[in-house]
Amino acid sequence: MLKKMGEAVARVARKVNETVESGSDTLDLAECKLVAFPIGIYKVLRNVTDQIQLITLANNELKSLTSKFMTTFCQLRELHLEGNFLHRLPNEVSTLQHLKAIDLSRNQFRDFPEQLTTLPALETINLEENDIVGRGRQILPESHSCTLAFIKRSPPERSLCCPPRLGAQMPTKTSGSPSLDVHTAVPASPCCTE
């Protein structure tokens, strides 16, 4: 067990060092068995946080993200958090004014993270396979041109819906790619007409 933990820590350190040394705009810590975002990473990345535009923390064991994470990486364009145990986002997610896409699929959200409605650049929210309890109400303001992914696990009467004019998209992955590259259009849910 200790050997596996040591390997996981070494993997995180290697990935963080690669980001710093290459000057990359991407930090990929997917599948690193993280239960929290390591606080030591803030110090290591302090000189490059403004250039990081994409962070992948997919398929870890995260239960929450801190406000410090959101305010430190305020230049993010994409945030991949799928496959964790998240059930809410900190209010400071509103500092991510450049965020275009967030993947929260396969987490434990029961409520739509309404702070996301304040993000002006946001184009895609993936909440697939969460148990969102949104009953027939418009989640995003009509002026917001964001697309949402449907939640497969939720029964139809509890489905998350989006404004009829927007439609929704069901993401599919292209082989070997951690990001959502291809979207299959799905008609908007009629529940928004209440």
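### What to know about helix α1 (residues 2-22)
Taking 1.5 Å per residue as the helical rise, α1 with its 21 residues ought to reach 30 Å, and the 30 Å between its terminal C-alpha atoms agrees with that figure. On its buried face, α1 sits against β1 (26-28) and α2 (40-45). Phi for G23, located one or two positions after α1, is positive at around 70°.

### Side note on the confidence of the model for the protein
Looking at the protein, the pLDDT average stands at 77 and 68% of residues meet or exceed 70. In this model residues 150-194 is a low-confidence stretch, pLDDT under 50, and it forms 105 contacts with partners more than four residues away in sequence or in other chains.

### As for the pattern of salt bridges
Once the charged atoms of two side chains with opposite charge are near each other, the side chains can pair. A full pass over the atoms with the stated rule returns one salt bridge. In this structure, the salt-bridge partner of D28 is K15, at a minimum N-O distance of 3.9 Å. A residue pair is termed long-range when its members are at least 10 positions apart, and D28 in strand β1 and K15 in helix α1 qualify at 13 residues.

### Some points on the packing of aromatic side chains
According to the stated counting rule, one finds five aromatic pairs in the structure shown. An aromatic cluster of three or more residues is present, and its members are F37, Y42, F69 and F73.

Criteria and cut-off values
Residues numbered from 1 in each chain as written. Predicted model: local features only at pLDDT ≥ 70, side-chain atom pairs only at ≥ 80, totals over all residues. Heavy atoms only, no water. Helix = DSSP H or I, 4+ residues; strand = E, 2+ residues; numbered from the N terminus. Expected span 1.5 Å × (residues − 1). Contact = heavy atoms within 4.5 Å. pLDDT = per-residue confidence, 0-100. Salt bridge = Lys/Arg side-chain N within 4 Å of Asp/Glu carboxyl O. Phe/Tyr/Trp six-rings, centres within 6.5 Å; stacked < 30°, edge-to-face > 60°.

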